[in-house]
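# A closer look at the structure
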Amino acid sequence: MHRRSSSFSSITELFRPNNPRRLRSRDLSSTRLNALKKEIETNTHLIPLKDLYTRLGTDPIKGLTSAAAAELLEYYGPNTLTPTSHFQWPKMLLKCLFTGFSILIWFGAILCLLSYVIESSMKARPSTDNLYLGCVLIAVDIICGLFSFFQNFKSTKILKTFNNMIPMSTKCIRDGVWNAETPVSNLVRGDIVHVKAGDVIPADIRIIDSKGFKVDNSSLTGESRAVTRSNTEGTTNILESQNVAFFSAQCVEGWALGVVLCCGDLTALGRVAGLAARLEPAPSPLCREINRFMWYMSIWALGLGVFIAASSFILGYPFIQTTIFVIGIIVANIPEGLQPTITASLTLTAQRMVKKNCLVKNLEAIEALGAVTIICSDKTGTLTKNKMCVRDIWTWNQKYSVLDPNFEAVEALKICGALCSTATFDESGEIHGDASETAILTFLCTYNDPATVRQNYPKIVEIPFNSTNKYQVSVHNDRKMSRYVVVMKGAPECILSRCSSVVVANNNVDITNEVKKAVNKAIEDLATTGERVLAFADLILDSKEFPANYEFDTEDVNFPLDGLRLIGIIGLKDPPREEVKHAIERVRAAGVRVMMVTGDHPATARAVAQEVGIATSPTCHVVTGNDLRNMTPDLLYLTLEKHYEIVFARTSPTQKLQIVEACQRRGGVVAVTGDGVNDAPALRRADIGISMGITGSQVSKQTADIILMDDNFATIVIGIEEGRKIFDNLKKSVCYILISNVPEILPVLMFILFSIPLPLGVMTILCVDLGTDMWPAVSLSYESAEADVMGRPPRQGDGLVSGRMLYLVYGHLGLIEFAAGMYAYFTVMAEHGFYPADLFGIRQRWDNEAVTDVRDSFGQEWTYEERKELERACQATYFVAVVVTQIMNGIICKTRFNSIFEVGMKNKVLNLGLIFELLLACILCYVPVLNDFFCTYPLRPQW
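Residues numbered from 1 in each chain as written. Predicted model: local features only at pLDDT ≥ 70, side-chain atom pairs only at ≥ 80, totals over all residues. Heavy atoms only, no water.

### Comments concerning the confidence of the model for the protein
Just so we agree on the cut-off: Residue-level confidence of the predictor, termed pLDDT, takes values from 0 up to 100. The contact rule is simple, with two residues in contact once any of their heavy atoms fall within 4.5 Å.
Summary statistics for the protein give a mean pLDDT of 85 and a share of 93% for residues scoring 70 or more. Across residues 1-9 the pLDDT falls below 50, and counting only partners more than four positions away or on other chains, this stretch makes 16 contacts in the model.

### What about helix H21 (residues 580-589)?
Which entries qualify depends on this criterion: Categorising residues by exposure relies on relative accessible area from a 1.4 Å probe, with only protein chains included: less than 20% of the type maximum marks a residue as buried, more than 50% marks it as exposed, and the intermediate range marks it as partly exposed. Helix and strand labels come from DSSP, where a helix needs a run of H or I of at least four residues and a strand needs a run of E of at least two; each type is numbered from the N terminus. By arc we mean the arc of the directions from the helix axis to the C-beta atoms, nothing more.
Burial in H21 covers these residues: Val580, Ala583, Ile584 and Val587. In an axial view of H21, the angular spread of the buried residues amounts to 100°, which keeps them on one side of the axis. Summarising the geometry of H21, the exposed residues directed more than 90 degrees from the buried face are His582 and Ala589. The secondary structure elements touched by the buried residues of H21 are strand E9 (374-377), strand E21 (593-597), helix H22 (602-612) and helix H28 (714-739). Glycine 591 lies just past H21 and shows a positive phi near 85°.

### Section: empty space enclosed by the protein
Put simply, the rule is: Cavities and pockets are defined on a 1 Å grid built over the protein atoms alone: a cavity is a set of grid points where a 1.4 Å probe fits but cannot escape, while a pocket is an open set with protein on both sides within 12 Å along at least five of seven lines, and lining residues are those with an atom within 4 Å of any such point. Grid points are joined across faces, edges and corners, and a volume is the space filled by probe spheres set on the points. Each residue is assigned to one class: nonpolar for Ala, Val, Leu, Ile, Met, Phe, Trp, Tyr, Cys and Pro, charged for Asp, Glu, Lys and Arg, and polar for all the others, Gly among them. Note: domain ranges come from an automatic or database domain assignment.
Following the criterion strictly, the structure yields 3 cavities of 30 Å³ or more and no others. Size it by volume and the largest cavity reaches roughly 100 Å³. Along the walls of the largest cavity sit 13 residues, with Ile40, Leu239, Ala268, Pro653 and Thr654 positioned nearest its centre. Taken together, the elements giving at least two residues each to the lining of the largest cavity come down to helix H11 (268-278) and helix H25 (653-665). Per-element tally for the lining of the largest cavity: the top contributor is H11, with 4 residues. Its residues placed into classes, the lining of the largest cavity shows 8 nonpolar, 2 polar and 3 charged. When we break the lining of the largest cavity down by domain, the ones giving at least three residues each are domain 1 (38-83 + 162-278) and domain 4 (359-385 + 577-711). Of the pockets and cavities examined, the second largest cavity occupies roughly 70 Å³. Together, Cys376, Asp378, Val597, Lys656, Ile659, Val660, Val672, Thr673, Asp679 and Ala682 line the second largest cavity. Listed by contribution, the elements that provide at least two residues to the lining of the second largest cavity are H25 and strand E24 (670-674). It is H25 that provides the largest number of residues to the lining of the second largest cavity, a total of 3 residues. For the lining of the second largest cavity, a count of residues per class yields 6 nonpolar, 1 polar and 3 charged.

### Section: the UniProt feature "transmembrane region" (unreviewed entry) in the protein
Defined as follows: UniProt positions are given in the numbering used here, feature names are shortened, and annotations may be inferred rather than shown by experiment.
Summarizing the sequence annotation, UniProt attributes the feature "transmembrane region" (unreviewed entry) to residues 96-118, 130-150, 293-320, 745-768, 805-826 and 909-929 in the numbering used throughout. Here residues 745-768 runs as 67% helix and 0% strand, with 13 Å between its end C-alpha atoms.

### Details of unusual backbone geometry
Backbone geometry follows two general trends: most residues other than glycine have a negative phi, and most peptide bonds adopt the trans configuration. Although it is not a glycine, serine 248 sits at a positive phi angle of roughly 85°. Mapping serine 248 onto the fold places it in the loop between strand E6 (244-245) and strand E7 (250-262). Of note, aspartate 711 is a non-glycine position whose phi angle comes to about 55°, a positive value. Along the chain, the position of aspartate 711 falls in the loop between strand E26 (706-708) and H28.

### Quick word on the sheet that holds E24
Filter applied, for reference: Two strands qualify as a pair provided DSSP detects at least 2 bridges between them. Whenever a helix is involved, its axis is fitted only over the stretch in contact; in every case the axis is a line through C-alpha atoms, and angles between N-to-C directions fall within 0 to 180 degrees.
Strands sit in the order E8-E26-E25-E24-E9-E21-E23-E22 across an open sheet of 8 strands; the sheet is mixed. Strands at the two margins of the open sheet, each flanked by one partner only, are strand E8 (358-360) and strand E22 (621-624). Strand-to-strand twist in this sheet, taken as the mean axis angle between neighbours without regard to direction, amounts to 20°. Here helix H24 (residues 633-642) sits on the sheet and contacts E21, E22 and strand E23 (646-649); the angle it forms with E23, its principal contact strand, is near 140°.

### Some words on the domain arrangement of the protein
Much of the literature gives interface size as the accessible area that the parts lose upon coming together. Applied cut-off: Buried area is calculated as the accessible area (1.4 Å probe) missing from two parts once they are joined, with the contributions of both summed. Within this document, salt bridges are pairs made up of a side-chain nitrogen of Lys or Arg and a carboxyl oxygen of Asp or Glu, the two lying within 4 Å of each other. What qualifies as a polar contact is a pair of N or O atoms within 3.5 Å, subject to a donor-acceptor requirement within protein and to the restriction that residues adjacent in sequence count only when both atoms come from side chains.
Along its sequence, the protein is carved into domain 1 (38-83 + 162-278), domain 2 (86-158), domain 3 (283-348 + 725-934), domain 4 (359-385 + 577-711) and domain 5 (389-573). Taking only C-alpha atoms, the centre of domain 1 and the centre of domain 4 are 30 Å apart. Contacts between the two partners involve 17 residues from domain 1, matched on the other side by 19 residues from domain 4. Taking both sides of the interface into account, the surface hidden between domain 1 and domain 4 amounts to around 1600 Å²; carbon and sulfur atoms contribute 56%. On inspection of domain 1 and its partner domain 4, the count reaches 0 salt bridges. Counting every contact that joins domain 1 to domain 4 gives 1 residue pair in polar contact (both at pLDDT 80 or more). Broken down by secondary-structure element, the contributors of at least two residues to the side of domain 1 that touches domain 4 are helix H10 (218-221) and H11.

### Describing a nonpolar patch on the surface
Applicable threshold: Put simply, a patch holds well-exposed residues, over 30% relative accessible area, that have no salt bridge, with like charges counted together within 9 Å and Val, Leu, Ile, Met, Phe, Trp or Tyr side chains within 5 Å. Surface accessibility follows the Shrake-Rupley procedure with a 1.4 Å probe radius. Residue values consider only the protein chains on display as shielding.
Taken together, the side chains of Trp775, Leu912, Ile915, Leu919, Ile923, Val927 and Leu930 define a hydrophobic patch exposed on the protein surface, amounting to about 590 Å² of accessible area. The biggest single contributor to the nonpolar patch is helix H37 (residues 908-926), with 4 residues. When you line up the elements, leucine 930 lands in helix H38 (residues 928-933).

### Here's the deal with the pairing of strand E2 (residues 177-183)
The side chains of a regular strand alternate between the sheet's two faces. In terms of strand pairing, strand E1 (residues 169-174) meets E2 through 5 bridges, oriented antiparallel. Within E2, the residue paired with serine 169 across the bridge is proline 183. Where E1 hands over to E2, the hairpin turn is made up of 2 residues, of which aspartate 175 adopts a positive phi near 55°.

### Concerning the packing of helix H16 (residues 408-419) against helix H17 (residues 435-444)
Put simply, the test is: Orientation labels follow simple angle bins: below 35 degrees gives roughly parallel, above 145 gives roughly antiparallel, 65 to 115 gives roughly perpendicular, and whatever is left gives oblique. Each crossing is labelled by how the near helix is turned from the far one, with a counterclockwise turn of less than a right angle marking it left-handed and a clockwise turn marking it right-handed.
H17 packs onto H16 with a crossing angle of 140° between their chain directions and a minimal axis gap of 9 Å. It follows that H16 is oblique to H17 by the angle criterion. Crossing of H16 over H17 shows left-handed handedness. For the pair formed by H16 and H17, the contact residues are Lys414, Gly417 and Ala418 on the first element and Ile440, Leu441 and Leu444 on the second. Here the residues of the contact of H16 with H17 sort into 4 nonpolar, 1 polar and 1 charged.

### Concerning the side chain of aspartate 705
Formally: His is not counted, nor are the chain ends; Lys and Arg add positive charge and Asp and Glu add negative charge.
Note that aspartate 705 resides in the loop between helix H27 (698-703) and E26. Buried within the structure, aspartate 705 lacks any salt-bridge partner; arginine 684 is the closest side chain of opposite charge, at an N-O distance of 6.6 Å. Contacts of aspartate 705, omitting those with residues within four sequence positions, involve Leu359, Val360, Lys361, Asn362, Ala365, Asp687, Ile688 and Gly689.

### Observations regarding the environment of phenylalanine 834
With respect to the helices, strands and loops of the structure, phenylalanine 834 is situated in the loop between helix H32 (803-831) and helix H33 (836-839). With a relative accessible area of 0%, phenylalanine 834 lands in the buried category. In the structure, phenylalanine 834 is positioned 492 residues away from isoleucine 342 in sequence and 42 Å away in space, judged by C-alpha atoms.

### Considerations on the packing of aromatic side chains
Selection criterion: Geometry of aromatic contacts follows a simple scheme: Phe, Tyr and Trp rings, the Trp one being its six-membered ring, pair when their centres are within 6.5 Å, and the pair is stacked under 30 degrees between planes, edge-to-face over 60, tilted otherwise. A ring is scored as having a charge over it whenever the NZ atom of a lysine or the CZ atom of an arginine sits within 6 Å of its centre and within 35 degrees of its normal.
Throughout the structure, instances matching the rule amount to 17 aromatic pairs. An angle of 25° between the planes, with centres 5.1 Å apart, marks the rings of phenylalanine 98 and tryptophan 106 as stacked. Here phenylalanine 933 and phenylalanine 934 contribute two aromatic rings whose centre-to-centre distance is 5.0 Å and whose plane-to-plane angle is 90°, an arrangement assigned as edge-to-face. By the ring-pair criterion, three or more aromatic residues cluster together here, those being Tyr484, Phe546, Tyr550, Phe552 and Phe559. Across the ring face of tyrosine 782, the terminal group of arginine 352 is positioned such that the distance to the ring centre comes to 4.9 Å.

### Here's the deal with the pattern of salt bridges
Note that side chains of opposite charge can pair when their charged atoms are close. For the coordinates displayed, the defined rule picks out 31 salt bridges. Across the pair glutamate 722 and lysine 356 runs a salt bridge, and its minimum N-O distance is 2.8 Å. On the criterion of sequence distance, the pair formed by glutamate 722 in helix H28 and lysine 356 in the loop between helix H14 (338-354) and E8 is long-range, its members being 366 residues apart. On the accessibility criterion, glutamate 722 (5% relative accessible area) is buried. Under the relative-accessibility criterion, lysine 356 is labelled partly exposed at 37%. Lysine 521 is the partner of aspartate 525 in a salt bridge, and the nearest nitrogen-oxygen pair spans 3.0 Å. In this pair, aspartate 525 and lysine 521 both sit in helix H20 (residues 513-528), 4 residues apart, roughly one turn of the helix. Through salt bridges with shared partners, a single ionic network connects Arg843, Asp847, Lys868 and Glu871.

Shown next as structure tokens:
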């Protein structure tokens, strides 16, 4: 037990499977999240291997004992990624059903059912209107909630996607016996493992021994370049340490023997997965707007309810009747059609965006993209093509973008580039290898056939590239000249130090100090543009000293590695996408700030930022991962305030998350683009997470809200424009929906306060909210964008529902609709003998089934059934009056600022919706079965 307590820090104890601290599930998850947000602090990669073996209680030759491994496995759990909760989907379902505006609708449904129960206890034949309304409201809530749930449920599978990256078995030694089929889940800290080309690293391991060992660390760094790992001295930052290989990284070359440092949730990948799974996405701007509007509507409805309750008591109504009145007025204030209208509008917009290569997973992200104020963009694959290519070639004081075949240096460079490469050709001629090697061969293929060159110069021996020597060298047999040739490629400063001559035109010239200065100047010029620079050199071996049967040895090198001839320098770069610069100009014109957040080198990041327009001056502020490590949250906040143009380079996954949270703390709506596993936490925490569809990992796609199907930054501009357009159009739809709320509320007030027969029934209210209003309200989402949609800054303070809109709705257009409805109501009543003045105060006798002799203005007596038939006719007329005025309001709501004569009636969907609205009203009134169910009535032409 001593070994466990001394070897594992407190963070390790947090992730034990049996919850040793006895924290509640929610507290444990929160504590783990806070621990994962911190940078990895360890010295296991810095201390001597001998001390590490002692600390871990292992043996580099025999490995752990089976008993020790079993004890550690039981105590700390398997080498897997732990799910955050076993009840995640039920929680998500409940959240979708009972959140935002749906809470208000549930409240209304409960009140309707309560009203029906109260009425049932008072009357022998109670009206079923409130029962139907309650059931419809519940159905609306369930349908919208389930739709939202199925949209968002995929994001709960993040950990499953991470687990797909983990191998099933590995080669491990225990008790001195190698087992090639050891389950990865059974690995513990201190195990000795062996990995070879094609294997996936089974845990975070420190390298004990290796040969030509290269790994693809893109799952953590986002950069797909293969990097060398060996038993060298470590660096302070473990993520950049060359003696550590990480869980889930792919071994692309060579082999390695390593000791396990971390397992499961505590590996670098486990930390990223834990953050991505446990982080709660920030609520979208639309969600915040709807919640705010819900509170306004709730306060307004409750205020009216209190007013009605007080008025009813003053007018002498009994308590039960007053309760029914209060419930009725509160329910009348709920715009039942608002939630389905918003959901339908966002869904239709999402379908349109798919045609523009933008797949929307989270509907609210569409509108959020329109409100975005900051874009934190990854570099590789988003701003650039994620395809290395040869950008520049330098031979003695000559810089080319294409090769000139007339010089000996160029011919030598073609041969050296083809031979000194680990990339290979398959049967179909396709090139395989890491990005840089593939780029060089692809470039050379346009000038000669590297495969033919390799046939003419078969490889004899090779010393692979490693981080210590920083070069790759191989010896080849020149069949034509019957001699051996040494070719070398590597870091320019390393190659230059091993050269004694340089090719100048068609001659070889000794390297002098002046020559060195010229070469160093060329190297510096290429490096400052963000290019990866490689130097090439060769040496023809004397056939007398190295005859045909000479045996070359790469362990105890027996051939010259100095005195070489410098051929030239190649600059490689992942070029920016052609359309990105224009896209960034448009985004910045729209008031959106663009920052680069990358794991690449600072010089490369700055160069790309300048090339695409993120940085407009060479003095663009660059913050590295080391800088961030030493920054407090307040200092990072001030840095973001001070520098508008900023590039973050060499960042870790947790640092990307810190940047996003700092931007959100400043009040920004943040969009994050990314394609790698390392981007998952930032994608999850951002207001809008945007993943790449082509180069993006499954993890990033699972985590993101939006997927760019063409991996194109310019598609984000389309998304911002669509987001701003849908917000403008949602304001129009909400305004249109709320207008009809006024002629639904005021008749209830007239009914209660002035005791007149009810002008508009519950079923006809449903016909308006979920029938005639739906198509026109949704069709407003098809309106074209305003002319200045991308010329104005992101909205701030411009809510979905503003005071100006409420005045227009409740103080102007809604009152016109109410007046039109009451005019129609009084007209039908008067035509049947009930003048307006005689209707006031008549309600009690009108609704009493026992009264059969209610007299009209002409003294005619009306039975209860006759009165109710007339009431249905009046309510149908009121309903049609609302529909007709809503048609006009649909035209009014088309445009927020411009005249209808400027905008025109080009929205065909709206035009059809207005016609449909009128036809549906006619169907509801004239079709026999429907008019009975919805309590409507066939209208006479004059009505």
